[in-house]
There are 8 protein chains.
Amino acid sequence: MSGGGGFTDLGFARPDVGRESRQGLPEVVYGPGKAPGQIVAIVGSLLEANTGPVLATRLAPQKADEVSAQLPGGSYDEVARVLSWRHARSRGFRVVVASAGTSDGPVAAEAVAVATAIGLSARLLADVGVAGIHRLLAETDDLAAADALICVAGMDGALPSVVGGLVDCPVIAVPTSVGYGAALDGITPMLAMLTSCAAGVVVVNIDSGFGAAMAAHRIATVRERR
Amino acid sequence: MSGGGGFTDLGFARPDVGRESRQGLPEVVYGPGKAPGQIVAIVGSLLEANTGPVLATRLAPQKADEVSAQLPGGSYDEVARVLSWRHARSRGFRVVVASAGTSDGPVAAEAVAVATAIGLSARLLADVGVAGIHRLLAETDDLAAADALICVAGMDGALPSVVGGLVDCPVIAVPTSVGYGAALDGITPMLAMLTSCAAGVVVVNIDSGFGAAMAAHRIATVRERR
Amino acid sequence: MSGGGGFTDLGFARPDVGRESRQGLPEVVYGPGKAPGQIVAIVGSLLEANTGPVLATRLAPQKADEVSAQLPGGSYDEVARVLSWRHARSRGFRVVVASAGTSDGPVAAEAVAVATAIGLSARLLADVGVAGIHRLLAETDDLAAADALICVAGMDGALPSVVGGLVDCPVIAVPTSVGYGAALDGITPMLAMLTSCAAGVVVVNIDSGFGAAMAAHRIATVRERR
Amino acid sequence: MSGGGGFTDLGFARPDVGRESRQGLPEVVYGPGKAPGQIVAIVGSLLEANTGPVLATRLAPQKADEVSAQLPGGSYDEVARVLSWRHARSRGFRVVVASAGTSDGPVAAEAVAVATAIGLSARLLADVGVAGIHRLLAETDDLAAADALICVAGMDGALPSVVGGLVDCPVIAVPTSVGYGAALDGITPMLAMLTSCAAGVVVVNIDSGFGAAMAAHRIATVRERR
Amino acid sequence: MSGGGGFTDLGFARPDVGRESRQGLPEVVYGPGKAPGQIVAIVGSLLEANTGPVLATRLAPQKADEVSAQLPGGSYDEVARVLSWRHARSRGFRVVVASAGTSDGPVAAEAVAVATAIGLSARLLADVGVAGIHRLLAETDDLAAADALICVAGMDGALPSVVGGLVDCPVIAVPTSVGYGAALDGITPMLAMLTSCAAGVVVVNIDSGFGAAMAAHRIATVRERR
Amino acid sequence: MSGGGGFTDLGFARPDVGRESRQGLPEVVYGPGKAPGQIVAIVGSLLEANTGPVLATRLAPQKADEVSAQLPGGSYDEVARVLSWRHARSRGFRVVVASAGTSDGPVAAEAVAVATAIGLSARLLADVGVAGIHRLLAETDDLAAADALICVAGMDGALPSVVGGLVDCPVIAVPTSVGYGAALDGITPMLAMLTSCAAGVVVVNIDSGFGAAMAAHRIATVRERR
Amino acid sequence: MSGGGGFTDLGFARPDVGRESRQGLPEVVYGPGKAPGQIVAIVGSLLEANTGPVLATRLAPQKADEVSAQLPGGSYDEVARVLSWRHARSRGFRVVVASAGTSDGPVAAEAVAVATAIGLSARLLADVGVAGIHRLLAETDDLAAADALICVAGMDGALPSVVGGLVDCPVIAVPTSVGYGAALDGITPMLAMLTSCAAGVVVVNIDSGFGAAMAAHRIATVRERR
Amino acid sequence: MSGGGGFTDLGFARPDVGRESRQGLPEVVYGPGKAPGQIVAIVGSLLEANTGPVLATRLAPQKADEVSAQLPGGSYDEVARVLSWRHARSRGFRVVVASAGTSDGPVAAEAVAVATAIGLSARLLADVGVAGIHRLLAETDDLAAADALICVAGMDGALPSVVGGLVDCPVIAVPTSVGYGAALDGITPMLAMLTSCAAGVVVVNIDSGFGAAMAAHRIATVRERR
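Residues numbered from 1 in each chain as written. Chains lettered and ligands numbered in written order. Predicted model: local features only at pLDDT ≥ 70, side-chain atom pairs only at ≥ 80, totals over all residues. Heavy atoms only, no water.

**Q** How should the overall build of chain A be read in this particular structure?
**A** Per the secondary structure count, chain A includes nine helices and nine strands. Its C-alpha atoms put chain A at 55 × 45 × 25 Å along the principal axes. Burial status across chain A gives 66% buried among its 226 residues. Here the analysis covers contacts within chain A between residues at least 6 apart in sequence; of these, 68% occur between residues at least 24 apart. Carbon and sulfur atoms make up 53% of the accessible area of chain A, which amounts to about 6,700 Å² in all. (Helix = DSSP H or I, 4+ residues; strand = E, 2+ residues; numbered from the N terminus. Buried < 20%, exposed > 50% of the residue type's maximum accessible area, 1.4 Å probe, protein only. Contact = heavy atoms within 4.5 Å. Areas by Shrake-Rupley, 256 points an atom, 1.4 Å probe, with all protein chains shown as cover.)

See below:
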């Protein structure tokens, strides 16, 4: 049943089917706390009312299987836990996703998977944490060529501070919940990134590779305007 | 005395005079905790070694006077507490700075002052907090025309969540320390903005109008590349 | 064994059987940490000593089954996890329960279930979060007709700030523990709601749909006095 | 200059002059961080565009004097620090403001002053903290006669838990920042009140006598509907 | 192997066998994180070197069985999860353990079990939380007769504030981790109890029925001196 | 005007004049946030209605002078900031107040002053922090002779853990707000004391020498019963 | 594939194979969040490119078995959960690892295992917590003979404050997450150790026996320089 | 008056005059909260009973003057706020104190002043924060030559993570309280440093240049043993 003016009323949810026309991309479905049937209904309504890429994030393999069985044609990234349909064409916007450590992998993978699905060119630069700074400095040219950098790091969250001083493009910092003790499940790198000594670094929620990719989408959108 | 490779060694400080060539803008001087003489020395070395705009932020009027007396030619914005020299030419990048309440004024002013000095076109939209949502909705056209939105809000920090759903450009959220009690000196809006239900909203440090303007600078820079 | 003056002494518990006469409703039993046998004993004493509706909240299906087997006649709401006996007649007090997202569903359901059991007319308005503000604005008439609004939201907790500015009736905000990272298991929306920029919004404990419904009961009670 | 549709655009502020028609009361001006001239301009626009009571809160005596000099006819409550114009007629709604200790006085006074100005009948019951429970029990009749109770308490924040069990009307808890050490500037009573063992107690921000009075206004409004 | 001067060196542990002579009671063994074999070794050395009661706390039933199989003669309290050997004779010191709610039961039981094992006369007064204050007031005589009161409460932690005003004996407050949301796993009642408005209330760690009983032991010891 | 049943209604305060008969000591007046005139009124009513010692704490010298001028006969301790009238006779209960460092002096002095005024024999043992453990061990005999120990310490709050293992009497720990950084204004020693590895140590609020003395009063009271 | 200049690019990781030459020890592999195959690849590249000891920490027995099956020659410490290859020869540097309680055992074991593998002489002194101070004082000679002390303690974290006052060598404090309630999963001892009243005590992350051993390695390295 | 066994009993303080023989250095006096007369008495007793350097830290200029007037021969460092007597001879141990920003100057100066007074060779490397990483890399040789590195940084606290990967000597991290908002008065860099991705970095209290210098003293001491 239609709720009028840009959304569909499913009773338990109101998918914002007008978002594609307002913001260039359909709503993205966050998986946790939703039953497979609910995800199918929401994704289905988005696929029907919109024409662009549709994504569901944070889906465990089994849940992804159940959804895929009813909504075929999607592709599932097991590391990123992202299920997506109708990938966008390349928009010529280069995103480099740099991660500080191997354990940050799933969050970095989510950023890459979402960015790729929505048409950004995403490259992963894994395990370039600042305690072995030569690993990062060896990639200076690649960093300089990026249109946006997504820095994924847990614990001390120091990576975006170094990167932010090396490049002139937007730097989106993603704190992760890896580590233990004083890392406080990601609160510590989140706070550290917010107080980064590199000017103009911006921050998204802990573990939100998705949020970082969507921020890159907004930047790509405004660049496309010109 | 030169420290080689892009910085000047003043003994108590090492101004990063190479930043302009690396990042398109000289280092910006943070005023608190520095004596007027120290600010004069740092700003002086930046004015000498660089050609672009030079700024000092968070300067009380008297300190600004002392610095200006020795480094004439700057302009001082009393609300923003920003002292700046050699403003950049307009770069054709429209920033709208929306503030939730009147008390957020100084932080919004810092964002406007920094953005203006570095060549961005900044417009202030004051007091459009979501408790009177019609005030914000009356500005929909202006919001849609912006290349980047800076949302300044304290307390519940709800403004960027609403704005983020209305526009497709980058939304940079700045939590402020106004309010009392459960606002926790800005921690509450900071956390709320990081968990914004609008996808792709990014956050900078509490009260950092400066940081938001620098993030806009990075976005403008990458747009200029195209 | 009777404890005299309004309570029953069961040894491990002292059900407040006098509450119905003092406050218009019997005590409500909180399920977690109580064995089925304990719940049966407490509910039994309330059913016996009182005449109004009796409720047990936060009961998993299996525990609800065990209790129901010994105390038939109750009805169980699986989403809300509420087991209730002897629903009150309608008191002509309209409560709208608005939830920001689909994941807030169980908390909203608890509010609806408790409100309904105690005689309030409760309507659910699901998934009207502020990032798609048009979904909320489409319901303005329904919001205005409510006698009390219960706003259920996690993450940024922004919903009651917008709603609070649209209506003149009491707005009871319920933060939820959905989300991750900076949402801090509901602390973030709780703090945001307490500092809501909408005047007169009140807040209950995280995930406490029950508490919100009981607050509505108190408001209905005082309205019935007139 | 009018901003259309219910607000006035003063440049630095957008007074929500449509609030009176939407919510029955004009916007209330929060004093801190605003210059006397700004307060005069905002209050002036509200007095002009609305007909009901206009209030400014948290005004130190000197600031109140400066504002009063330009906007005569107001009355100033020095304990509550509230300056108000055009008090509403009595609406026949009885609010009892109970405070736990003498030090909670200014917050209780703010609740009384705001409630009185907007037409509620407010009575102060000072220093009835639970460590001398007989002081509270001596007032049982008065408590029972209230249409809403505002409980103001710092430190352990225990007062609303006891009161909430004695009365059937709405109980609005206001934590205060009195005390030291583990009271955490009011965070402790705020948390304690949110987890009150009395069902249906609701909470507003720390020290917000204003917020509690506005919550009472919303309750009075819905009662007047009947 | 003996470690000399009052302790036994077991390699992985150094049981303080001199504590009985210094403090009147042997060391009590905290179970979590210790293998059954380790508990057997420690308890064995205490039983051998001392003559008074020996206790192990926080033992799940199966672990208690394994220990009991090798060290017969102990008694196990399943609710309190305490395993104890050689109970002390009654010392004529009356402890009342009052709990606010049924869910606080296991912590109250630990206090009773430990107190009983070390010779104090402990009586449980369950479910006398302040939201139904008449339940507590009905026990005034029993409260007044106690030599020490242990108040066990979670959530708002209000019970010791009321009790502390009714009696003149020591009041030992035990916060519990029951409840959810703003109860913060017991931090909230802990803070509330530390800022109790009743003078001279003292606090032990969250859920530490053991600690409260040991505090009562110290008080009983000094009374026995006279 | 009398409020009946054990308190006096002064309008702004309700002194609990019945406390002396219930608890053996009149109410103690906490100075901050009260005007001199208010203190005079409250103390006056206590002196009139009671016969025992009356105290006001946390009074700066000038405020103490103003109060003393109207209520002569009191004695003022400038370090402790305690003003007191009608000291009790010695009750033969020995309290040792041990402080970890010189900076803890004012809090220790408050404990000594209050204890002395209410008839306890209090001895100060200053600057016996555990980083120079020989200073504490040199006092073993004095510690063993005490009927109760009050341990005052900031920063790591380690003193009561060592003392608690040396003596068998009650140990009351008082965290102080001295130190900086990670001491968190006393939160750190407060938490450390609550998790003391010495069994049966109890804790009062940060800086509350008063609370510790009152806890000692309760212990002395129960000992006097025998 | 080689990444040039001191690291190997495995795609998902960049082992810092140059660390051995820069810092005297190869990189140590942190196990959690890495698949056995990933650990095998990283350890393999380190064994191949370096000559010194190689370690993987925090490995559960089964994971250790899987890794060992492909990389034989390692030794596994089940308490410490450390798997190591090619232990270094003794460097004549004596480390004493003192733990406060039996529950701190695994963390102390990790410190011993890492220290031993990298050539330090490590001795464990278990269960010498300060509540039985005689246990620690009995070891004064051993403490004095150490070249570095690692103090492992949870809860009140008091051990390094006492030890720090007894010895003149470096004291490295390791807070542990044992205990419950106010221990806050190790935050409390961490804060207490950072504010230790013993001068020059240093702190590593919660539960990081590894970090403490590596700090000892740095100290041993600088001593070997002389 | 002598307290026997290594301390002097001044009544209000017990200077640990035995520390010099136990730990190689007299006690250092922390100035805040002590009256000038108290400092004079404590320092006087240390100068008399010991032969090594005596220091008082955190003294404002005027207090330093008052103390110096009575205890001549000391030297005062106004930036570091350290007053010291009888500097030790050089011990041939090189400490490099690296600070991230100009605002960290006073803390770095305290580290240098204390280190110098106790015989360490301290060199300051100011303003080498990681956002301009070339400034730090230009000093690689100096860093490598140090026997210990003290890294002073606020905000993101990233400096020791980079430095820790470049050098093999001990790295002592000092978080500072500079910055604002999410820097949380130094808590953020403190947490970030404790979770540093560089192995073996150790941390002292916020702003404690003193603590870092004393840690270096302990390292120098153990190196001198060889």
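There's plenty left to go through after this.
**Q** Where do I start with the relation of the copies chain A and chain B in this structure?
**A** Comparison of the two chain copies shows a relationship of rotation about an axis with a shift along it. Once turned by 180 degrees and shifted 0.0 Å along the axis, chain A lies on chain B with an RMSD of 0.0 Å. What the superposition gives is, in effect, a two-fold axis relating one chain to the other. (Least-squares fit on C-alpha atoms with pLDDT ≥ 70 in both.)

**Q** It is not clear to me how the state of the cysteines should be interpreted in this structure. Could you clarify?
**A** Residues and elements named next belong to chain E. By the definition in use, this model includes zero disulfides over all chains. Not part of a disulfide, Cys169 finds its nearest cysteine sulfur in Cys151, a span of 8.9 Å. You can call Cys169 buried: its relative accessible area is 0%. (Disulfide = S-S within 2.5 Å.)

**Q** Just checking my understanding: could you explain the sheet that holds strand S2 (residues 54-57) of chain E for this structure?
**A** Pairing between the strands of a sheet is mediated by backbone hydrogen bonds and can be parallel or antiparallel. Residues and elements named next belong to chain E. In spatial order, the strands read S1-S2-S4-S3; together these four strands make up an open sheet with mixed pairing. On the outer flanks of this sheet lie strand S1 (29-30) and strand S3 (75-77), each paired with one strand and no other. Looking at chain direction, S3 and strand S4 (residues 82-85) are connected through three bridges and run antiparallel. Following the sheet pairing, Tyr76 is matched in S4 by Leu83. Contacts from helix H3 (residues 61-70) reach S3 and S4, with the element oriented near 20 degrees to S4. (Pairing = 2+ DSSP bridges. Axes fitted to C-alpha atoms, helices over the stretch in contact; angles between N-to-C directions.)

**Q** I would appreciate a short explanation of the interface of chain A and chain B in the present structure.
**A** Reports of interface size often rely on the accessible area that becomes lost once the parts have come together. Each side of the interface is counted separately: chain A has 37 residues, and chain B has 37 residues. Buried surface at the junction of chain A and chain B, both sides included, amounts to about 3,300 Å², of which 53% is carbon and sulfur. Where chain A packs against chain B, one counts four salt bridges. Between A:Asp168 and B:Arg225 there is a salt bridge whose closest N-O contact spans 2.9 Å. In this structure, the connection of chain A to chain B is made through 21 residue pairs in polar contact (both at pLDDT 80 or more). (Buried area = accessible area lost by both parts, 1.4 Å probe. Salt bridge = Lys/Arg side-chain N within 4 Å of Asp/Glu carboxyl O. Polar contact = N/O pair within 3.5 Å; in protein donor to acceptor, adjacent residues only side chain to side chain.)

**Q** What is the right way to read helix H9 (residues 209-225) of chain D from this model?
**A** Since the α-helix turns once every 3.6 residues, residues separated by three or four places project in the same direction. The end-to-end C-alpha separation of H9(D) is 25 Å, in line with the 24 Å expected for 17 residues at 1.5 Å each. The element H9(D) is largely enclosed, with a buried count of 15 among its 17 residues. (Expected span 1.5 Å × (residues − 1).)

**Q** How do you make sense of the layout of surface pockets when you look at a structure like this?
**A** A probe matching the size of a water molecule, rolled over the atoms, marks out where space remains unfilled. Quantified by volume, the second largest pocket comes out at close to 910 Å³. A:Met155, G:Val28, G:Tyr30, H:Ser196 and H:Cys197 are the residues nearest the centre of the second largest pocket, which is lined by 46 residues in total. Class assignment for the residues of the lining of the second largest pocket results in 23 nonpolar, 14 polar and nine charged. (1 Å grid on protein atoms, 1.4 Å probe; cavity = no way out; pocket = protein on both sides within 12 Å on 5 of 7 lines; lining within 4 Å. Points joined across faces, edges and corners; volume = space filled by probe spheres on them. Nonpolar A, V, L, I, M, F, W, Y, C, P; charged D, E, K, R; others polar.)

**Q** I'm lost on the interface of chain F and chain G in this one. Help?
**A** Opposite the 23 residues of chain F that make contact, chain G presents 23 residues. The three residues of chain F that bury the most area against chain G are F:Ala131, F:Asp156 and F:Thr195, which together make up 29% of that side's buried surface. Viewed at the interface, chain G and chain F are joined by zero salt bridges. At the boundary of chain F with chain G, the tally comes to seven residue pairs in polar contact (both at pLDDT 80 or more). Breaking the side of chain F that touches chain G down by element, the ones donating at least two residues are helix H5 (133-137), helix H7 (159-166) and helix H8 (187-194) of chain F. Looking at side-chain class alone, the side of chain F that touches chain G contains 17 nonpolar, five polar and one charged residues.

**Q** Quick question: what am I supposed to make of the relation of the copies chain F and chain G here?
**A** After a rotation of 180 degrees and a shift along the axis of 0.0 Å, chain F superposes on chain G with an RMSD of 0.0 Å. Residue by residue, 100% of the interface of chain F is reproduced at the interface of chain G, so both copies engage with the same surface.

**Q** Explanation requested: the domain arrangement of chain A in the structure shown.
**A** Residue and element names in this part refer to chain A. Annotation of chain A at the domain level lists domain 1 (19-85) and domain 2 (94-225). For domain 1 and domain 2, the distance between their C-alpha centroids amounts to 24 Å. With 13 residues of domain 1 in contact, the opposing surface of domain 2 contributes 13 residues. Overall, the association of domain 1 and domain 2 removes approximately 1,000 Å² of surface from exposure, summing both partners, and the carbon and sulfur fraction of that is 67%. (Domains from an automatic or database assignment.)

**Q** I would appreciate a short explanation of the packing of aromatic side chains in the present structure.
**A** Between two aromatic rings, the relevant description is the distance of the centres plus the angle of the planes. Throughout the structure, instances matching the rule amount to eight aromatic pairs over all chains. Its guanidinium or amino end placed over the ring of E:Tyr180, C:Arg58 lies 4.3 Å from that ring's centre, counting from NZ or CZ. (Phe/Tyr/Trp six-rings, centres within 6.5 Å; stacked < 30°, edge-to-face > 60°. Lys NZ or Arg CZ within 6 Å of the ring centre and 35° of its normal.)

**Q** I'm lost on the side chain of E:Arg218 in this one. Help?
**A** Assignment of secondary structure puts E:Arg218 in helix H9 (residues 209-225). Buried within the structure, E:Arg218 lacks any salt-bridge partner; F:Asp168 is the closest side chain of opposite charge, at an N-O distance of 6.6 Å. Separated by 3.2 Å, the side chain of E:Arg218 and the backbone oxygen of F:Val167 make a polar contact. Those residues in contact with E:Arg218 that sit more than four places away from it in its chain are E:Gln23, F:Gly164, F:Val167, F:Asp168, F:Cys169, F:Pro170, F:Val171, F:Ala199, F:Gly200 and F:Val201. (Lys, Arg positive; Asp, Glu negative; His and termini not counted.)

**Q** What am I meant to see in the pattern of salt bridges here?
**A** Evaluation of the coordinates by the stated rule reveals 104 salt bridges over all chains. For G:Asp147, the salt bridge is made with H:Arg225, and the minimal N-O distance between the two is 3.1 Å. Here the residue G:Asp147 occupies a position in the loop between helix H6 (140-145) and strand S7 (148-153), and H:Arg225 occupies one in helix H9 (residues 209-225), the pair thus bridging two chains. G:Asp147 gets classed as buried once you look at its relative accessible area, which sits at 0%. Among the residues examined, H:Arg225 registers a relative accessible area of 31% and is labelled partly exposed.

**Q** Help me understand the environment of A:Ile150 in this model?
**A** All names here are of chain A. The residue Ile150 is located in strand S7 (residues 148-153) in this model. Note on Ile150: relative accessible area 0%, which makes it buried. When the C-alpha atoms of Ile150 and Phe210 are compared, they prove to be 11 Å apart, with 60 residues separating the residues in sequence. Each residue touching Ile150, except ones within four places of it in the same chain, is listed here: Val95, Val96, Val97, Ala98, Ala111, Ile172, Val174, Ala212 and Ala213.

**Q** Mind showing me how you'd approach the pairing of strand S6 (residues 121-125) of chain H here?
**A** Across a regular strand the side chains alternate sides, sitting on one face of the sheet and then on the other. All names here are of chain H. Relative to S6, strand S5 (residues 94-99) is paired through five bridges, and the arrangement is parallel. Residue pairing across strands places Val97 opposite Leu124, the latter belonging to S6. What joins S5 to S6 is helix H4 (residues 105-117), and the crossover it makes is right-handed. (Right-handed = clockwise from strand over helix to strand, strands pointing away.)

**Q** It is not clear to me how the confidence of the model for chain A should be interpreted in this structure. Could you clarify?
**A** When pLDDT drops low, the exact placement of atoms in the prediction is not to be read closely. Of the residues in chain A, 97% reach a pLDDT of 70 or more, and the chain-wide mean stands at 94. Both scores are available for the predicted complex, with the pTM at 0.97 and the ipTM at 0.96. (pLDDT = per-residue confidence, 0-100.)

**Q** It is not clear to me how the packing of H9(E) against helix H9 (residues 209-225) of chain F should be interpreted in this structure. Could you clarify?
**A** Helix packing geometry: the angle between the two helix axes and the distance between the axes. Relative orientation of the contacting elements H9(E) and H9(F) amounts to 45 degrees, with a least axis distance of 9 Å. If you check the angle between H9(E) and H9(F), you find them oblique. Here the hand of the crossing between H9(E) and H9(F) comes out right-handed. Across the interface between the two elements, E:Ile219, E:Val222 and E:Arg223 from H9(E) touch F:Ile219, F:Val222 and F:Arg223 from H9(F). The class makeup of the residues in the contact of H9(E) with H9(F) is four nonpolar, no polar and two charged. (Parallel < 35°, antiparallel > 145°, perpendicular 65-115°, else oblique. Left-handed = near helix turned anticlockwise from the far one by under 90°.)

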